[in-house]
Amino acid sequence: MSGEKPTGLLETEEILPVGAILTGLGKLVVNKDGVIALQPPQNGCKYFLSLAGYEDILHEQETIASFWREAALLCGALGALVFCIALYRAYQRHKEKKRTEEGVDEMQTLCPLSDDEISSERACVICISRLRDCVLLPCGHVCCCFLCFQALPYKLCPICRCHIQRVVPLH
Ligand SMILES: [Zn+2]
Ligand SMILES: [Zn+2]
């Protein structure tokens, strides 16, 4: 251990010299014995007794007030920012979840066929851009992709116009 350790604190109190001019801001009351006195206001306002002049006190209080006003504004802005970030993250999570749920569909949508496959007999007869991946029952035609089947206005087979009762995915 080295160095000096403080053993105590020295406090100096200054005595107000006689004849010093004080500025007091408060409530003027008349005591029972007829003496006028200045006392802290009852309505909770601040009570001042200072060596500085009225203008100086006013200026000091305005500085403090503007500091707190700016601090409040800053806190408000920060709060709004945090709220926005939280909202954005929640939205991202929601989007991610939705994407995972629709993952299979999207996989099919995002996998366009190559020209070879399109010209081949494996392409859907409706959109000609995805593979035929379902069997329409009872006729048994394999002619379209599941997305196009879902989009059919009437559930009729595009080849033979028979009423589709069931669809079986093709793997
Ligand atoms: Zn299709
Ligand atoms: Zn059919």
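Only a predicted model underlies this, so the values are computations on that prediction, with no experimental measurement involved.

### A word on the overall build of the protein
Point 1. The number of helices and strands found in the protein is 4 helices and 6 strands.
Point 2. Reading the protein from its N terminus to its C terminus gives the helix and strand order β-β-β-β-α-α-α-β-α-β.
Point 3. Evaluated residue by residue, the protein yields a buried proportion of 6% over its 171 residues.
Point 4. Residue pairs in contact within the protein that sit at least 24 positions apart in sequence constitute 31% of those at least 6 positions apart.

### Re the pairing of strand β3 (residues 36–39)
Point 1. Sheet analysis places strand β2 (residues 27–30) next to β3, joined by 4 bridges and oriented antiparallel. Opposite K27, over in β3, you have Q39 as the bridge partner.

### Quick word on the nonpolar core
Point 1. Ranked by size, the top nonpolar core spans 9 residues in total: A123, C124, C134, L136, C143, C144, C145, C148 and F149.
Point 2. What C144 contacts, discounting residues up to four positions off in sequence, is C124, V125, I126, R132, F149 and P158.

### A look at the UniProt feature "domain: RING-type" (unreviewed entry) in the protein
Point 1. Here, UniProt's "domain: RING-type" (unreviewed entry) annotation points to residues 124–161.
Point 2. Secondary structure across residues 124–161 divides into 16% helix and 11% strand, with the first and last C-alpha atoms of the span separated by 16 Å.

### Regarding unusual backbone geometry
Point 1. Note that the residue after L137, namely P138, is joined by a cis bond; omega there is 15°.
Point 2. Locating P138 in the fold gives a position in the loop between β5 (134–137) and α4 (146–151).
Point 3. For I128, which is not glycine, the phi dihedral falls at a positive 50°.
Point 4. As for its placement among the helices and strands, I128 is situated in the loop between α3 (115–119) and β5.
Point 5. For I128, a count of 12 C-beta atoms within 10 Å gives the class exposed.

### Here we look at the environment of A52
Point 1. Relative to the assigned elements, A52 resides in the loop between β4 (48–50) and α1 (54–101).
Point 2. You can call A52 partly exposed: it has 13 C-beta atoms within 10 Å.

What counts, and where the lines are drawn
Residues numbered from 1 in each chain as written. Chains lettered and ligands numbered in written order. Predicted model: local features only at pLDDT ≥ 70, side-chain atom pairs only at ≥ 80, totals over all residues. Helix = DSSP H or I, 4+ residues; strand = E, 2+ residues; numbered from the N terminus. Buried ≥ 20, exposed ≤ 12 C-beta atoms within 10 Å, placed from the backbone. Contact = placed C-beta atoms within 7 Å. Pairing = 2+ DSSP bridges. Core = buried A, V, L, I, M, F, W, Y, C linked by C-beta atoms within 7 Å. UniProt positions renumbered as here; feature names shortened; annotations may be inferred.

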